[in-house]
Amino acid sequence: MKVPYDCSWTVRKILKLRGLGQNFVKHHIGNGLGTSLWYDNWHPWGPLYKILDDRTVSRLGTAASATVSSVISNGIWHWPRPRNNLIHQIQMAIPGNLVPQIEMEDEVRWHISPNGQYTTKHTWEAIRSKSEKVPWASLVWFPRNVPKWAFILWLACLKRLSTKDRLRKWGMEVDPTCVLCSQADESLQHLFFHCCYSSNIWEVILYRFQIQRKADLWNSEVSWAIHFCRGNSFQSLLFKLVFAAAVYHIWMERNSRIFGGRSRCAPEVLDSIDEYIRSHVYSWKVIPSSVENQSMCELWKLPRRIFGPGIPRVL
């Protein structure tokens, strides 16, 4: 069946994955009545229609609509007499443990899942491209992150944000000057930390975390943040959240100036970050009431009701 052109782009993409999905659907033979002999995925070689033509099927004396039950007799395999070597190989390829169970119905399973049921997790693991884990993965993807912040930070870590230096490499004629500081050309290395506008924001953020260091270029700051945020403490999770929020809001401010003609000073952007951080952390409950955590909450003006005894739930 061809993919129709009058459906949406999403539906067309899904329909084009039918061949891939068919490989994950496996028919486990019982009495064979519910499984197509030629078109369903029950044989070790997969659907047999992919390797047999219509003439070969008709020579076997079976219809295209035949079920697996047509080659089962009294609970054992009973194929028509093979007329060529390929049919003989198909019969011989059936493993010895694939024995019809005539008292049971056929069962359809999602064979890449341990329990035979479809799960998004196991399907994604089966189709995704696998590679080594990047060192900044935990800085971007962590419990309680904000998806839109994490997405922009992810693009930045991949060096895929459309900064002006990249646009010029693509042949686009754009003013290379950073719109935040107007003192240097815009690049990933410059924009988020080295720019004097951004560094004013980071200076306040680092002060609130009681960190004494000057913001540097992108690569240096990301490497430092990875080591600083090790562990699952409240301070580490809060810093990851603030780090992502700052990158996101600086990027949005940059876009607002270029595409919207609107600008805010650094303290206003920082106020916006504060507001979003406090709003998000309101949902964090049962944080250990340590002196360090209380001090952190005071510096960020977070609600004291998030404190509780014992170990926190997953943040």
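Preceding this paragraph is the structure being described.
Analysis parameters
Residues numbered from 1 in each chain as written. Predicted model: local features only at pLDDT ≥ 70, side-chain atom pairs only at ≥ 80, totals over all residues. Heavy atoms only, no water. Phe/Tyr/Trp six-rings, centres within 6.5 Å; stacked < 30°, edge-to-face > 60°. Helix = DSSP H or I, 4+ residues; strand = E, 2+ residues; numbered from the N terminus. Buried < 20%, exposed > 50% of the residue type's maximum accessible area, 1.4 Å probe, protein only. Lys NZ or Arg CZ within 6 Å of the ring centre and 35° of its normal. Arc of directions from axis to C-beta. Contact = heavy atoms within 4.5 Å. Polar contact = N/O pair within 3.5 Å; in protein donor to acceptor, adjacent residues only side chain to side chain. Axes fitted to C-alpha atoms, helices over the stretch in contact; angles between N-to-C directions. Parallel < 35°, antiparallel > 145°, perpendicular 65-115°, else oblique. Left-handed = near helix turned anticlockwise from the far one by under 90°. Nonpolar A, V, L, I, M, F, W, Y, C, P; charged D, E, K, R; others polar.

Let us now look at the packing of aromatic side chains. Inspection of the entire model under this criterion finds 21 aromatic pairs. Between Phe151 and Trp154, the aromatic rings sit 5.8 Å apart at their centres with planes inclined by 40 degrees, giving tilted as the arrangement. One end of the pair, Phe151, and the other, Trp154, are both in helix H7 (residues 147-157), 3 residues apart, so they sit about a helical turn from each other. Residue classification places Trp154 among the partly exposed residues on the basis of a relative accessible area of 30%. Here the guanidinium or amino end of Arg208 rests over the ring plane of Trp300, the centre of that ring lying 4.7 Å away.

Let us look at helix H14 (residues 291-300). Those residues of H14 not exposed but buried are Asn293, Met296, Cys297 and Trp300. End-on view of H14: buried residues confined to an arc of 100 degrees, all on one side of the axis. Turned more than 90 degrees off the buried face of H14, the exposed positions are Val291 and Glu298.

On to the environment of Trp77. Secondary-structure assignment places Trp77 in strand E3 (residues 76-77). Looking at Trp77, the relative accessible area reads 22%, which means it is partly exposed. Placed 14 residues apart in sequence, Trp77 and Gln91 show a C-alpha to C-alpha distance of 8.9 Å. Those residues in contact with Trp77 that lie beyond four places of it in its chain are Ile29, Trp42, Val68, Val71, Ile72, Ile94, Leu98 and Pro100. There is a polar contact of 2.9 Å between the side chain of Trp77 and the backbone oxygen of Leu98.

This next bit is on the packing of helix H12 (residues 234-260) against helix H13 (residues 266-281). As a packed pair, H12 and H13 sit with axes 10 Å apart at the nearest point and diverge in direction by 140 degrees. Taken together, the axes of H12 and H13 are oblique relative to one another. Like other packed secondary-structure pairs, H12 and H13 cross with a definite hand, here right-handed. Facing Leu238, Leu241, Val242, Ala245, Ala246, His249 and Glu253 of H12, the residues of H13 in contact are Val269, Ser272, Ile273, Tyr276, Ile277, His280 and Val281. Grouping the constituent residues of the contact of H12 with H13 by class yields 10 nonpolar, 3 polar and 1 charged.

Position of Asn41 relative to the elements: it lies in the loop between strand E1 (25-28) and helix H3 (54-59). Residue Asn41 is classed as buried on the basis of its relative accessible area, which comes to 8%. At 3.1 Å, the side chain of Asn41 and the backbone oxygen of Val25 are in polar contact. Sequence-distant contacts of Asn41, that is, excluding residues within four places in its chain, are made with Gln22, Asn23, Val25, Lys26, His27, Gly46 and Pro47.

Honestly, that's just the spatial picture; any functional story needs more than this.
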